[in-house]
There are 2 protein chains.
Amino acid sequence: MKYMSHDQPLTKEAILDAAEQTLRRYGPEKTSVVDVAKALQVSHGSLYRHFPSKAALREAVTERWLQRIADPLQEIADGTDGSAADRLRLWMDTLIRTKRNYVLEDPEMFAMYTTVTLDAVMMIDTHVKLLTGQIAQIIKQGMRAGEFKSGEPEPVAKALFMATSQFHHPAHAYQWSSSEIEADFDSVWALLLSGIMKSTVNGSE
Amino acid sequence: MKYMSHDQPLTKEAILDAAEQTLRRYGPEKTSVVDVAKALQVSHGSLYRHFPSKAALREAVTERWLQRIADPLQEIADGTDGSAADRLRLWMDTLIRTKRNYVLEDPEMFAMYTTVTLDAVMMIDTHVKLLTGQIAQIIKQGMRAGEFKSGEPEPVAKALFMATSQFHHPAHAYQWSSSEIEADFDSVWALLLSGIMKSTVNGSE
């Protein structure tokens, strides 16, 4: 595994690429900073200057992984096409699909990230704040457009995120292969949406 | 530890009491059916007739634990005092408080039960069906009383149970000591309730 020669500058991005590959190859327990340095063909010292410990390296890889989840979601939140309700559903579907794909396609790395985030409380806290901020952005648009009941967007956004935990929180990953998971999400979503939409007159009321 | 003498009949209840105490004393890994037989001062054979394996014994103890969670909730579902919305909140508060107390007061047993239920998919499935049936019972009352929007109570009940996972599913136990957990639940509950209540005219609409 060769990522760069000695004469190119050692970028953070290159280190993280190598670290991710090394973690994937040897597993989180067996991977050392030295292994990553070897893969990069650089001295341990130059790597330790960027990442003083194995833990720091793992956290950085995980942080980038979280960013990769958040970036496409930000694009959806920044969008203006269609209704806010549709955008909100697309945002949630994308989050859920991304998490589910990680579990199915790369279960070892998913388990590694999950373990790291359990210890890195601050990191996951920042990530969740970023995601609920995106939801709040969509809700705000829907409130302005008169689609959603008016109010404070932030608590509603946090509530929406928490109320859908079963479908995106790693601790529930073992339930995602259930044949009922899609129907279950639809029921939860219908309930939540009916809580935020401005009420419309319908036959059942 | 003596639970009964040889001349009394060996009831299932007495075995489960002894098993629970033995599990508590030695931990789930170290407890054998023989240990429980010793505590009861009976032969291994008479105990094996009731529980052919350590796994069967642990499952039976866990099943009784789940029943102890469900019984007081059934009483609330059977009640008729106050509004259905109040009963629903009381039901949910009781479930959440019960789970939280187990984690705080008896973390080892809680961990044991959680491990067993992860393997005993059928048992947990039955338990969840029982609980969502209780929620459906309250929702049905609320629909009849014109308090809740009319519709099918069962999918709404399941959705309510799933949307509150973060507050009662053992996988989230590590979050229950958060100082924001009460406020978080209030936000989620407000959102869910506004999804099931018949809409009333209010200032914000």
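In the annotation of an unreviewed UniProt entry, chain A is listed under the name TetR family transcriptional regulator and assigned to Paenibacillus glucanolyticus.

The subject of this paragraph is the pattern of salt bridges. Enumeration over the complete set of coordinates arrives at 24 salt bridges over all chains. Linking R64 of chain B and E13 of chain B is a salt bridge whose minimum nitrogen-to-oxygen distance equals 3.0 Å. Of this pair, R64 of chain B sits in helix α4 (residues 54-78) while E13 of chain B sits in helix α1 (residues 12-26); the two residues are 51 residues apart in sequence, bridging distant segments of the chain. A relative accessible area of 46% places E13 of chain B in the partly exposed class. Note that E20 of chain B is salt-bridged to R24 of chain B, the shortest N-O span being 3.8 Å. Remark: R24 of chain B and E20 of chain B occur in helix α1; sequence separation between them is four residues, near one turn of the helix. Relative accessible area serves as the criterion here: at 38%, R24 of chain B is assigned to the partly exposed category. Ionic contacts of the salt-bridge type, sharing partners, join the residues E13, D17, E20, R24, R64, R68 and D106 of chain A into one network.

Take the UniProt feature "domain: HTH tetR-type" (unreviewed entry) in chain A next. Under the local residue numbering, the UniProt record ascribes the feature "domain: HTH tetR-type" (unreviewed entry) to residues 9-69 of chain A. This span, residues 9-69 of chain A, is 75% helix and 0% strand, and a straight line between its end C-alpha atoms measures 28 Å.

Right, let's talk about the nonpolar core for a bit. Soluble, globular proteins show a tendency: their nonpolar side chains are buried together. Grouped together as the largest cluster of nonpolar side chains are 123 residues, with contacts concentrated most on W91 of chain A together with W91 of chain B. Each residue touching W91 of chain A, except ones within four places of it in the same chain, is listed here: L73, I76, A77, L131, Q134, I135, I138 and F161 of chain A.

This part covers the domain arrangement of chain A. Residue and element names in this part refer to chain A. With domains assigned, chain A is organised as domain 1 (12-52) and domain 2 (62-196). Taken over C-alpha atoms, the centre of domain 1 sits 31 Å from the centre of domain 2. Together domain 1 and domain 2 conceal approximately 610 Å² of surface at their shared face, both sides included; 48% is due to carbon and sulfur atoms. The shortest N-O distance in the salt bridge between R64 and D17 comes to 2.9 Å. For the interface between domain 1 and domain 2, the tally reads six residue pairs in polar contact (both at pLDDT 80 or more). By residue class, the composition of the side of domain 1 that touches domain 2 is three nonpolar, no polar and four charged.

Before going further, it helps to spend a moment on the relation of the copies chain B and chain A. Mapping chain B onto chain A calls for a rotation angle of 180° and an axial translation of 0.0 Å; the resulting RMSD is 0.0 Å. The symmetry that links the two subunits is that of a two-fold axis. Here 97% of the contact residues of chain B are again contact residues in chain A; the copies associate through an equivalent surface.

In this structure the tally under the stated criterion is two cavities of 30 Å³ or more. In this model, the largest cavity occupies a volume close to 50 Å³. Taken together, L23, P28, T31, K54, L57 and R58 of chain B make up the lining of the largest cavity. If you tally residues by element for the lining of the largest cavity, the top one is α4 of chain B, at three residues. Here the residues of the lining of the largest cavity sort into three nonpolar, one polar and two charged. Of the voids in this model, the second largest cavity is the one considered here, and its volume is about 30 Å³. Around the second largest cavity sit L23, P28, T31, K54, L57 and R58 of chain A, which together line it.

All right, on to the packing of aromatic side chains then. Residues and elements named next belong to chain A. Applying the stated rule across the entire model yields 12 aromatic pairs over all chains. Aromatic pair W65 and Y102: ring centres 5.1 Å apart, planes at 70°, arrangement edge-to-face. Separated by 37 residues along the polypeptide, W65 in helix α4 (residues 54-78) and Y102 in helix α5 (residues 84-105) bring together distant segments of the chain. Among the residues examined, Y102 registers a relative accessible area of 21% and is labelled partly exposed. Taken together through their ring pairs, the aromatic side chains of W65, Y102, F110, Y113 and W176 make up a single cluster.

Tallying the contact residues gives 31 residues for chain B and 30 residues for chain A. Among the salt bridges present, the one from K158 of chain A reaches E180 of chain B, with a minimum N-O distance of 2.8 Å. Of all the elements in the fold, those that place two or more residues in the side of chain B that touches chain A are α8 (153-163), α9 (165-168) and α10 (181-196) of chain B. A class-by-class count of the residues in the side of chain B that touches chain A yields 14 nonpolar, 11 polar and six charged.

Turning to helix α7 (residues 121-144) of chain A, a few remarks are in order. All names here are of chain A. The end-to-end C-alpha separation of α7 is 34 Å, in line with the 34 Å expected for 24 residues at 1.5 Å each. Along α7, the residues classified as buried are M123, H127, L131, T132, Q134, I135, A136, I138, I139, G142 and M143. In this structure, the buried side of α7 is in contact with α4, α5, α6 (107-119) and α8 (153-163). Phi turns positive one or two residues past the end of α7, at G146, with a value near 75°.

Under the local residue numbering, the UniProt record ascribes the feature "DNA-binding region" (unreviewed entry) to residues 32-51 of chain A. This span, residues 32-51 of chain A, is 75% helix and 0% strand, and a straight line between its end C-alpha atoms measures 11 Å.

Cut-off values and rules
- Throughout, a residue's number is its position along its own chain's written sequence, starting from 1.
- All chains are assigned letters beginning at A, and all ligands numbers beginning at 1, according to the order in which they are written.
- Side-chain atom pairs in this predicted model are given and counted only at pLDDT of 80 or more, local residue features only at pLDDT of at least 70, and totals for whole chains, interfaces and linings cover all residues.
- Hydrogens and waters are ignored; side-chain quantities use all the structure's heavy atoms.
- By definition, a salt bridge exists where a carboxyl oxygen of Asp or Glu is found within 4 Å of a side-chain nitrogen of Lys or Arg.
- Note on conventions: DSSP H or I runs of at least 4 residues are helices, E runs of at least 2 residues are strands, and numbering of each starts at the N terminus.
- Per-residue accessibility, obtained with a 1.4 Å probe over protein chains only, is compared with the maximum for each type, and a residue is labelled buried under 20%, exposed over 50%, and partly exposed between these values.
- UniProt positions are given in the numbering used here, feature names are shortened, and annotations may be inferred rather than shown by experiment.
- Among buried residues, those of type Ala, Val, Leu, Ile, Met, Phe, Trp, Tyr and Cys that are joined through side-chain atoms within 4.5 Å constitute a nonpolar core.
- We call two residues in contact when some of their heavy atoms are within 4.5 Å.
- Domain start and stop points were drawn from an automatic or database domain assignment.
- The term buried area means the drop in 1.4 Å probe accessible area that two parts suffer when joined, counted for both and summed.
- By the criterion applied in these results, polar contacts are pairs of N or O atoms within 3.5 Å in which, for protein atoms, one can donate a hydrogen and the other can accept it, and in which residues neighboring in sequence qualify only through two side-chain atoms.
- As a working rule, the residues Ala, Val, Leu, Ile, Met, Phe, Trp, Tyr, Cys and Pro are called nonpolar, Asp, Glu, Lys and Arg charged, and the rest polar, with Gly in that last group.
- The superposition of copies rests on a least-squares fit of C-alpha positions from residues with pLDDT of 70 or more in both.
- Here the term cavity refers to a set of points on a 1 Å grid, laid over the protein atoms alone, in which a 1.4 Å probe fits but cannot get out; the term pocket refers to an open set having protein on both sides within 12 Å along at least five of seven lines, with lining residues being those that place an atom within 4 Å of a point.
- Grid points are joined across faces, edges and corners, and a volume is the space filled by probe spheres set on the points.
- When the centres of two rings from Phe, Tyr and Trp lie within 6.5 Å, Trp using its six-membered ring, the rings pair. Their planes under 30 degrees apart give stacked, over 60 give edge-to-face, and anything left gives tilted.
- Between the first and last residue of a helix there are one fewer steps than residues, each counted as 1.5 Å, and that sum is the expected span.

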